[in-house]
Amino acid sequence: MSKMKIAFQGEPGANSHIAIVEAYPDAEPMPCATFEDALSAISSGEADLGMIPIENSVAGRVADIHHLLPASGLFIIGEWFLPVRHQLMAIKGTKLEDIKSVESHVHALGQCRRIIRKLGIKGIVHADTAGSARDISERNDKTVAAIASRLAAKIYGLDILAEDIEDEAHNTTRFVVLAREPKWAAQGSGPLVTTFVFRVRNLPAALYKALGGFATNGVNMTKLESYMVDGNFFATQFYADVDGHPDDRGLAFAIEELKFFSREFRIVGVYPGHPFRATFSETQD
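Residues numbered from 1 in each chain as written. Predicted model: local features only at pLDDT ≥ 70, side-chain atom pairs only at ≥ 80, totals over all residues. Heavy atoms only, no water.

## With respect to the overall build of the protein
Along the backbone of the protein there are nine helices and 15 strands. In terms of C-alpha radius of gyration, the protein reaches 21 Å, essentially the compact-globule figure of 19 Å for 285 residues. With respect to the three principal axes, the spread of C-alpha positions in the protein is 65 × 45 × 40 Å. Here the protein, with 285 residues, has 49% of them falling under the buried criterion. Taking as baseline every contact in the protein between residues at least 6 positions apart, the subset at least 24 positions apart corresponds to 74%. Surface accessibility of the protein: about 14300 Å² in total, with carbon and sulfur atoms responsible for 53%. With 29 positive and 36 negative side-chain charges, the protein shows a spacing of 2 Å between the two charge centroids. (Helix = DSSP H or I, 4+ residues; strand = E, 2+ residues; numbered from the N terminus. Rg over C-alpha atoms; globule rule 2.2 N^0.38 Å. Buried < 20%, exposed > 50% of the residue type's maximum accessible area, 1.4 Å probe, protein only. Contact = heavy atoms within 4.5 Å. Areas by Shrake-Rupley, 256 points an atom, 1.4 Å probe, with all protein chains shown as cover. Lys, Arg positive; Asp, Glu negative; His and termini not counted. Charge placed at Lys NZ, Arg CZ, Asp CG, Glu CD.)

In structure tokens:
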């Protein structure tokens, strides 16, 4: 029996690769150059699933995905939270004092400002973390380091010169697992998340009225993002996560009210909430 293939954006050793190894240890990770390539691999059947980052606790949302996901026609069937641990690495035999510059993804450089400033080295933006590790391994230059994962250092034969160099210990990335077909989690099967996209009618207070049903029906909304559609300043689409199942009484009423004030509405996924969510739940005073 062939292994399940899971597409991700980036090179072997990227954080998305690590998320796949943790969530689906028996699967075959499938690296893709861009997010578009990864989504296309799922749509075409070349990959069975996709592991795609959607937001980070330090850097915020992964902007491209909010545009690409709704248009892809794919569905969210799960989520995964990965604590991000950055390592400073270089070719074998390099010492910290040899380094003049460091390469990595713009988010990784931004998440490791403290050590970059301390070492007095120049940060250079690269397409992705693991790709920067591969590049410096091929260049054989002791003056250049990379910021990437422990797995990337192992894959590309690099020495780790400084461990866990991220500025914030809470640095965590949330991934969504994408599939071609919807696979709703069963109602009552535990903590669930419902993700949907919608576009409100162009009326005064339309968003306020559309969202009012979530408050009056006691539904917890954990995420609400807006973004323009087709470059139109007045056509705003929203992406939302709420707790619960669409067939739950409160959520069903809230969605009914939302639909009344919306031009478009589509459920993107109904899936189990990852246990990590329990670590940031608020308690009532």
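## Examining the packing of aromatic side chains
Each aromatic ring pair is described using two quantities: the centre-to-centre distance and the angle formed by the ring planes. Scanning the model with the defined rule gives six aromatic pairs in all. Centre to centre, the rings of Phe196 and Phe265 are 5.4 Å apart; their planes meet at 40°, and the pair counts as tilted. Taken as a pair, Phe196 in strand S12 (residues 192-200) and Phe265 in strand S15 (residues 262-272) lie far apart in primary sequence, 69 residues in all. With relative accessibility at 23%, the residue Phe265 sits in the partly exposed group. Centre to centre, the rings of Phe260 and Phe261 are 5.1 Å apart; their planes meet at 85°, and the pair counts as edge-to-face. Taking relative accessible area as the criterion, Phe260 reaches 61% and is therefore assigned exposed. (Phe/Tyr/Trp six-rings, centres within 6.5 Å; stacked < 30°, edge-to-face > 60°.)

## Comments concerning the layout of surface pockets
Picture a little ball the size of a water molecule; that probe, rolled over the atoms, points out where space is still empty. Looking at the largest pocket, its volume works out to about 520 Å³. In terms of lining residues, the largest pocket is bounded by 25 residues, among which Gln9, Phe35, Pro53, His105 and His107 are the most central. Elements with a minimum of two residues in the lining of the largest pocket: helix H1 (15-23), helix H2 (35-44), strand S3 (49-56), helix H3 (63-72), helix H4 (106-111) and strand S11 (172-179). Within the lining of the largest pocket, the residues separate by chemical class into nine nonpolar, twelve polar and four charged. (1 Å grid on protein atoms, 1.4 Å probe; cavity = no way out; pocket = protein on both sides within 12 Å on 5 of 7 lines; lining within 4 Å. Points joined across faces, edges and corners; volume = space filled by probe spheres on them. Nonpolar A, V, L, I, M, F, W, Y, C, P; charged D, E, K, R; others polar.)

## Quick notes on the pairing of strand S9 (residues 144-148)
When you tally the buried positions in S9, you get five out of five residues, the bulk of the element. Where burial is concerned, the two faces of S9 agree: the one with Val144, Ala146 and Ala148 and the one with Ala145 and Ile147 are both buried. In this sheet, S9 lies alongside strand S6 (residues 87-90) in antiparallel orientation, the contact comprising three bridges. Within the sheet, the bridge partner assigned to Leu88 lies in S9 and is Ile147. With three bridges connecting them, strand S7 (residues 101-104) and S9 associate as parallel partners. Residue Glu103 lies in a different strand from S9, and its bridge partner there is Ala146. (Pairing = 2+ DSSP bridges.)

## Some thoughts on the pattern of salt bridges
One pass over the structure, following the stated rule, counts 16 salt bridges. With a closest N to O distance of 3.1 Å, Glu225 and Lys223 form a salt bridge. Taking the relative accessible area as the measure of exposure, Lys223 reaches 7% and is therefore buried. Taken together, the salt bridges that share partners define one network made up of Glu55, Arg61, Glu79, Arg174, Lys223, Glu225, Asp241 and Arg277. (Salt bridge = Lys/Arg side-chain N within 4 Å of Asp/Glu carboxyl O.)

## Concerning helix H8 (residues 206-216)
Buried residues of H8: Ala206, Ala210, Leu211, Gly213 and Phe214, and no others. Buried positions in H8, seen along its axis, are confined to an arc of 125° and lie on one side of it. Facing away from the buried side of H8, by more than 90 degrees, are the exposed residues Tyr208, Ala215 and Thr216. Downstream of H8 by a residue or two, Gly218 has a phi angle that is positive, lying close to 65°. (Arc of directions from axis to C-beta.)

## A short note on the sheet that holds S7
With mixed pairing, the five strands of this open sheet are ordered in space as S8-S7-S9-S6-S10. At either margin of the open sheet sits one strand with a lone partner, and together these are strand S8 (122-125) and strand S10 (159-162). Across this sheet, the average inter-strand angle for adjacent strands is 35°, counted without regard to direction. Taken together, the three bridges between S6 and S10 define a ladder with antiparallel strand orientation. Each residue of the ladder has a partner; that of Leu88, found in S10, is Ala162. Of the strands in this sheet, S6, S7 and S9 touch helix H6 (residues 129-139), which is tilted by about 155° from S9. (Axes fitted to C-alpha atoms, helices over the stretch in contact; angles between N-to-C directions.)

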